[in-house]
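If you want the building blocks of each chain, they are given just below.
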Amino acid sequence: MTMTPKEAISYIENYGWSTTRLGLGRTKELLSLLGNPQKDLKFIHVAGSNGKGSTCAMLASILKEASYKTGLYISPYIQEFGERIQINGQNIEGARLAEITERVKVLADSMDDHPSQFELVTAIAIQYYQEEGCDIVVLEVGMGGALDSTNAIDAPEVSVIANIGLEHTEYLGDTIEEIAETKAGIIKTGANAICYDGDPKATEVIRRICQEKAVPLTITDFSKIVPGEYSLKGQSFLWKGEEGDIEYFLPLLGPHQLKNTALVMETVEALKSRGWKIPKEAIVRGLEKVKWPARFEVLTEDPLFILDGGHNPQCAEALKEAIETYLPGDKIVFLLGVLADKDYETIIKMVEGFAQEFICVTPKSPRALSGEELACVISDRGSKANAAESISDGLAMALEASHGNPIIAFGSLYLAGTVRTEFHKEYKAWLRKEGKKARQSLPLDQWIEKSDEIAKAICDLEEYKKAEVIFVYESAKAEVSLERLVSKAKTDGKTICYPRWGEEEMEAVAFGEEIVARDNTSDFWQPEVHQGRIVKPEEIDFAVCPLVGFDEECYRLGLGGGYYDRFLPKCTKAFRIGAAFEGQKIEKVPRDTWDIPLDAVATEKGIYRRKR
């Protein structure tokens with residue numbers, strides 16, 4: 001029986017991480033049973049406490065732009081399992097994952113000492129990269145280095161050691177020196193080594209091990225990277241490299257990312273010294289195009305909502321520095337969720353001075369600290385904190401509490417994954433509420449006056465004057481009234497059709513005389529089911545739909561039923577125009593894959609036409 005992608009992931013996740021029995025034996029045995037696919041591959045091996053994921057993402061993007069087929073192996077994933085195993089920026093397909101896992105399962109199940117979850121994934125990834133013919137693989141260490149399953153490879157092209165801090169002390173050691181020693185286990189004779197210039201005690205350990213193994217070492221020189229302009233879109237910098245001073249742009253935010261970039265640039269120089277062809281243009285494009293979610297990632301700018309996977313004191317320090325850089329003087333709503341085994345008191349201490357308030361949630365992990373407990377800890381420290389029942393509720397609470405102030409969600413990658421998955425839905429719901437508020441802020445006389453102005457502007461359009469069949473939705477209470485437009489269309493002898501919906505889709509209905517009955521049971525108006533003639537979408541010349549929100553690109557935000565989203569694309573010859581009050585305009589409507597822009601939006605201020 002063929003394994004499904006869901007079954008493959010379930011099989012992998014059925015096995016623990018085996019942190020209590022660290023070692024390379026199981027991984028090496030499994031790879032041997034697979035025919036040692038790792039020996040057909042070239043690697044860049046990256047270890048460290050913080051920044052190794054960003055470093056891997058930048059390196060993979062640059063190598064892809066240099067026309068190398070590039071594998072990227074990372075952990076953990078943010079939203080979907082396939083993120084862990086990528087080639088040229090594309091996640092492994094579910095069917096391919098299942099097919100390789102099914103083969104690996106037979107071998108793993110035959111072993112006396114069964115591989116752990118991470119060891120299984122590592123073997124599956126390496127087999128995939130080998131079968132797909134990758135030129136090079138950027139391989140991120142899971143935990144530590146020396147005994148991490150990724151260290152079952154031979155000497156890589158470059159061993160990269162990112163910033164080192166105190167972490168996983170129960171497994172890696174109680175001091176910086178002990179942790180550095182463990183992470184330096186990926187340094188092998190025959191490779192080059194690049195080391196982040198962080199804690200001097202860690203750097204000295206790396207230097208000693210490189211000398212013992214006769215490995216050429218480069219300590220990152222941060223003076224070679226000169227910061228330039230920055231905004232929430234990204235940051236520019238000069239790199240004083242072998243080819244002279246070159247300006248680059250990086251979409252990743254935060255001063256700490258420039259230090260990670262310096263590590264990347266030194267790694268690129270080491271690769272070039274080993275014969276890899278990486279032109280300047282590939283570095284420029286690779287850095288411009290790099291994507292690394294949940295690292296001071298801007299999800300929306302109105303209000304400003306930033307997602308960060310920071311989960312330890314070093315990450316909190318980087319977050320603090322980024323706040324001071326990008327949001328000086330702002331008071332911030334923090335959406336915070338942490339794991340109970342993390343140093344969350346230090347994390348709170350790092351950011352509490354910036355807080356308007358904390359919304360506390362429980363990450364989806366058995367190791368999570370509950371939102372209620374976290375809120376008590378923060379309250380006892382003197383800051384305002386409230387607990388949410390779920391992450392979705394926390395998102396809604398944070399959006400309601402912001403009042404234009406920035407929101408930052410952070411504390412755990414488990415939290416980040418759920419936020420990234422659920423944010424779109426909660427943000428649209430919040431925008432709908434804001435659109436309703438903008439309408440409700442208008443006194444009745446102004447609502448009628450402005451609605452009439454909008455109707456007149458629509459009827460003055462040449463597209464309206466030429467139309468014979470008009471589709472119009474007589475609006476809900478949160479929207480523009482189109483009674484004047486309907487009245488004018490009847491006077492002009494237009495055929496008017498109205499929406500009517502069933503369980504699955506909307507249809508257009510025309511009437512030969514005045515409609516007698518209307519259904520107002522759910523704040524939406526529609527004609528009675530038994531009345532009217534069905535009008536095919538392709539017969540419609542002109543379609544008008546009230547909105548609760550829109551942007552300058554003429555994307556629409558409705559009340560959430562989704563009927564228009566499916567119906568409007570069928571009106572292939574119609575001029576499609578939205579009607580909204582100017583106060584319902586937003587910076588950018590969050591879009592789903594099926595959304596299409598309208599041709600125009602009318603407000604009391606005039607007509608916004610879509611730019612073609």
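Every value quoted in this text rests on a predicted model; they were computed, and no experiment measured them.

Across its full length, the protein chain carries 19 helices and 29 strands. Its C-alpha atoms give the protein chain principal-axis dimensions of about 90 × 60 × 50 Å. Each of the 612 residues in the protein chain was classed as buried or not, and the buried ones make up 55%. Considering only residue pairs separated by 6 or more positions, the protein chain has 74% of its internal contacts joining residues 24 or more positions apart.

Tracing the backbone through its elements, the reader meets A543 in strand β24 (residues 542-546). Along the backbone, A543 and F471 are 72 residues apart, and their C-alpha atoms lie at a distance of 4.6 Å.

Read across the sheet, 3 strands follow the order β9-β10-β11 without closing on themselves; strand pairing throughout is antiparallel. A strand with exactly one partner marks an edge of an open sheet, and here the two such strands are β9 (225-231) and β11 (244-250). The average undirected angle you get between the axes of adjacent strands in this sheet is 20°. Here 7 bridges tie strand β10 (residues 234-241) to β11, and the two strands are oriented antiparallel to one another. Residue pairing in the sheet places Q235 in a bridge with L250 of β11. Across the face of the sheet, helix α10 (residues 280-289) comes into contact with β10 and β11 while running at roughly 25° to β11.

Take the pattern of salt bridges next. Pairing between side chains of opposite charge can happen when the charged atoms of each approach one another. What the rule picks out here adds up to 43 salt bridges. Across the pair D492 and K488 runs a salt bridge whose closest N-O atoms are separated by 2.8 Å. Since its relative accessible area comes to 37%, K488 is described here as partly exposed. Look at the salt bridges and you will find they share partners, linking K69, R96, E99, R103, E131 and E132 into a network.

Right, let's get into the nonpolar core. Core analysis: the largest hydrophobic core is formed by 43 residues, its most contacted members being I44, V138, I278 and L287. Contributing elements (two or more residues each) for this core: β1 (43-47), α3 (52-65), β5 (136-140), β6 (158-161), β10, β11, α9 (255-273) and α10. By residue number, the principal contributor to this core is α9, which donates 8 residues. Apart from the residues within four sequence positions on either side, L287 is in contact with M58, I62, F237, Y248, F249, L250, P251, T261 and M265. Listed in part, the 34 residues of the second largest apolar core include L31, I92, M111 and L139.

Another aspect to go through is α3. When the terminal C-alpha atoms of α3 are compared, their 20 Å separation across 14 residues agrees well with the 20 Å that a helix rising 1.5 Å per residue should span. In terms of burial, α3 is a largely internal element, 13 of the 14 residues being buried. Just beyond α3, the residue with positive phi is S67, at close to 75°.

Attention shifts here to unusual backbone geometry. A cis amide bond, omega -10°, links S75 with the succeeding residue P76. Residue position: P76 is located in the loop between β2 (70-73) and β3 (85-87). Following D302, the chain continues into P303 via a peptide bond in cis, with omega recorded as -5°. Topologically, P303 is positioned in the loop between β12 (297-301) and β13 (304-307). Of note in this structure, N36 is not a glycine but carries a positive phi near 55°. If you trace the backbone, N36 turns up in the loop between α2 (25-33) and β1. Positive phi is not limited to glycine here, since S67 has a value of about 75°. Looking at where S67 falls in the secondary structure, it is placed in the loop between α3 and β2. Look at S67 and you get exposed, because its relative accessible area is 66%.

Within the secondary structure, E269 is located in helix α9. Buried and without a salt bridge, E269 has K272 as its closest oppositely charged side chain, separated by 4.3 Å. Sequence-distant contacts of E269, defined by excluding residues within four places in its chain, comprise W239 and E242.

With that out of the way, let us pick up the sheet that holds β6. Pairing in this open sheet of 8 strands is mixed, and the strands run β4-β3-β2-β5-β1-β6-β7-β8 from one edge to the other. Only two strands of the sheet have a single partner each, and these edge strands are β4 (90-91) and β8 (217-219). Summarising the sheet, β1 and β6 pair through 4 bridges and their orientation is parallel. From the neighbouring strand, A47 faces β6, where its bridge partner is I161. Against the sheet, helix α5 (residues 117-131) makes contact with β2, β3 and β5, and its axis sits at roughly 15° relative to β3, the strand it touches most. Seen against the sheet, α9 touches β1, β5, β6, β7 (192-195) and β8 and runs at an angle of roughly 170° to β7.

The relation between two aromatic rings is expressed through the spacing of the ring centres and the mutual angle of the planes. In this structure the tally under the stated criterion is 18 aromatic pairs. A centroid spacing of 5.7 Å and a plane angle of 65° characterise the contact between F334 and F410, whose relative ring orientation is edge-to-face. Separated by 76 residues along the polypeptide, F334 in strand β14 (residues 332-336) and F410 in strand β17 (residues 407-410) bring together distant segments of the chain. Given a relative accessible area of 0%, F334 falls into the buried group. Owing to a relative accessible area of 1%, F410 belongs among the buried residues under this scheme. A centroid spacing of 6.1 Å and a plane angle of 15° characterise the contact between Y427 and W430, whose relative ring orientation is stacked. With Y427 and W430 both in helix α15 (residues 413-440) and 3 residues apart, this pair spans about one turn of that helix. Every member of this aromatic cluster is reached through a ring pair, and the members are F305, F423, Y427 and W430. K494 extends its terminal NZ or CZ atom over the ring of Y464, reaching a point 4.8 Å from the ring centre.

Reading the values: the criteria
- Residues numbered from 1 in each chain as written.
- Predicted model: local features only at pLDDT ≥ 70, side-chain atom pairs only at ≥ 80, totals over all residues.
- Heavy atoms only, no water.
- Helix = DSSP H or I, 4+ residues; strand = E, 2+ residues; numbered from the N terminus.
- Buried < 20%, exposed > 50% of the residue type's maximum accessible area, 1.4 Å probe, protein only.
- Contact = heavy atoms within 4.5 Å.
- Pairing = 2+ DSSP bridges.
- Axes fitted to C-alpha atoms, helices over the stretch in contact; angles between N-to-C directions.
- Salt bridge = Lys/Arg side-chain N within 4 Å of Asp/Glu carboxyl O.
- Core = buried A, V, L, I, M, F, W, Y, C linked by side-chain atoms within 4.5 Å.
- Expected span 1.5 Å × (residues − 1).
- Lys, Arg positive; Asp, Glu negative; His and termini not counted.
- Phe/Tyr/Trp six-rings, centres within 6.5 Å; stacked < 30°, edge-to-face > 60°.
- Lys NZ or Arg CZ within 6 Å of the ring centre and 35° of its normal.

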